[in-house]
Each structure stands twice: as C-alpha cells, then as structure tokens.
Amino acid sequence: RRERFQREARTAAQISHGNVMAIYDLGSASLPDSNDSVEFIVMEYIKGVSLSDYLQARPHDISVALRLAEKIASGLAAAHKMKVVHRDIKAEHILIDEEEQPKILDCGLAKPVDPVQFGGINTGTKTVSQELTRAGKILGTVTYMSPEQVKGEPLDTRSDVFSFGVLLYRMVTGEYPFAGQTQVSTLAKILETRHEPPHVRN
C-alpha cells in the first residue's frame, strides 16, 4: 500500500497546470510514542464549491458549462501529456474556486498508462473485473465509466475522454447519458445502448 501511495503521489505531482490541483510534497512522519509512521501528501489548498453545486445555481447555462468544460479538458490534456489516466473524472472531483476556475481533484486513482514495476510486482492499472473478484467493489464511479472500464480492459487516455463526455453531457442537460435503476443496469446501458442526443433532454 505504501508503494502504491508513493507511486500515485509521484505520478500526480508531475502534472503542472492551472486547472489541476497541485501536489507540493510527499513524505512520511513518525508518530509520537510509537514505532509507526504515517505517509502524507502536501496538496494545494483550494477554496471553492463542487462543480455539481456550482451548476445547480446556474441550471442549463450553456455558455457557463462550455467555459468550464474547455478548462477542464485543458487540465485533463495536461495529465494525458504526462501519460497519466485519472480514471475517475466526475463532477464531484471538479472544484470551482473563488475566481470561478475549475480544478481537477483527487488523483488517488491516477495511474501511469504503462505498468510500473516494484520488486517484480506489477502495480499497473487494475481492472474492474479484478476489483469485483478480489474486493467486491468497482474503482471509479459507475455512471461515468467508459466501456473498457466496465469490461475490465486495459485503460488509456481515451477512457478519461469518454468520462469527460459523460461529464459534459451532465453539465448541459442535468442528467446522465447512461443511467439505470441499479449499478448493473447502468453498466449494461454503457455497453449496449446509445445515449439520447443532448437536445432531446435540453
């Protein structure tokens, strides 16, 4: 877990962009009266509100949505340039600061595109199927998942592009393009159905 924590922090710290939360330092500290230590990341402090809350106050304002989307896409492109796949792009991971600029948060699921080796152990991108089998959970948020995430296939930057498309759809319509009554039915819709054109919903 420590190796994974350190690797993900180092990966995320490589990204330098005004629309991505900055990571300044990585280290460990000894706990008082104990032989244990705690790992930590020093991150940029951002005062603001989530993208979801921000848009609720401005429903169906296409010009606002497109202004924000352009900046989010720019930040995502900077991550992709560093060969980093975020894997969990969603409205809750976008913060709008006091200057109304979006910041992409939470690189906890960020992975290098190519697997990284530590002591002969492959710590590259885990698949959805592996997570379901091993831990009974799915990494990322179901409604934003790309088809390759759902199928447990290797991911590259195109997976984030799909999730960004889902985010943009929600920003301009207030709804998800693929949504079922359960997680399983939502996953099935992502794989098997086409979304309605945005103009049908807005």
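Residues numbered from 1 in each chain as written. Predicted model: local features only at pLDDT ≥ 70, side-chain atom pairs only at ≥ 80, totals over all residues. Heavy atoms only, no water.

Grouped together as the largest cluster of nonpolar side chains are 25 residues, with contacts concentrated most on Leu51, Leu68, Ile72, Ile94, Ile104, Leu167 and Met171. Among the elements of the structure, helix H2 (51-56), helix H3 (62-81), strand E5 (94-97) and helix H6 (157-173) are those that each provide at least two residues to this core. Of the residues forming this core, the biggest block, eight residues, is contributed by H3. If we skip the residues at most four places from it in the chain, Leu68 touches Leu51, Tyr54, Leu55, Ile96, Glu100, Pro102 and Met171. Formed by six residues, the second largest nonpolar core is a distinct cluster that contains Val142, Met145, Phe178 and Ile190. (Core = buried A, V, L, I, M, F, W, Y, C linked by side-chain atoms within 4.5 Å. Buried < 20%, exposed > 50% of the residue type's maximum accessible area, 1.4 Å probe, protein only. Helix = DSSP H or I, 4+ residues; strand = E, 2+ residues; numbered from the N terminus. Contact = heavy atoms within 4.5 Å.)

It is worth spelling out the confidence of the model for the chain at this point. On average, residues of the chain carry a pLDDT of 82, and 83% of them reach 70 or more. For residues 115-139, every residue scores under 50 in pLDDT, and the model assigns this stretch 40 contacts once sequence neighbours within four places are set aside. (pLDDT = per-residue confidence, 0-100.)

All right, on to the pairing of strand E2 (residues 37-43) then. Here seven bridges tie strand E1 (residues 23-30) to E2, and the two strands are oriented antiparallel to one another. By the bridge assignment for E2, Ser28 is matched with Glu39. Linking two consecutive strands that pair antiparallel, namely E1 and E2, is a turn of six residues; a positive phi of about 60° is found at Asp33 within it. (Pairing = 2+ DSSP bridges.)

Let us now look at the pattern of salt bridges. It is possible for side chains of opposite charge to pair when their charged atoms get near one another. If you walk through the whole model with that rule in mind, you get 10 salt bridges. The residue Glu98 makes a salt bridge to Lys47 at a minimum N-O spacing of 3.9 Å. Of this pair, Glu98 sits in the loop between E5 and strand E6 (102-104) while Lys47 sits in the loop between E2 and strand E3 (48-50), and the two are 51 residues apart along the sequence. A residue is classified by how much of its surface remains accessible, and Glu98, at 63% relative accessible area, is exposed. The partner of Arg170 in a salt bridge is Glu92, with the nearest N and O atoms 3.7 Å apart. With Arg170 in helix H6 and Glu92 in the loop between strand E4 (84-85) and E5, this pair connects stretches of sequence that are 78 residues apart. Look at Arg170 and you get partly exposed, because its relative accessible area is 22%. Salt bridges sharing partners connect three or more residues here, namely Arg58, Arg67 and Glu100. (Salt bridge = Lys/Arg side-chain N within 4 Å of Asp/Glu carboxyl O.)

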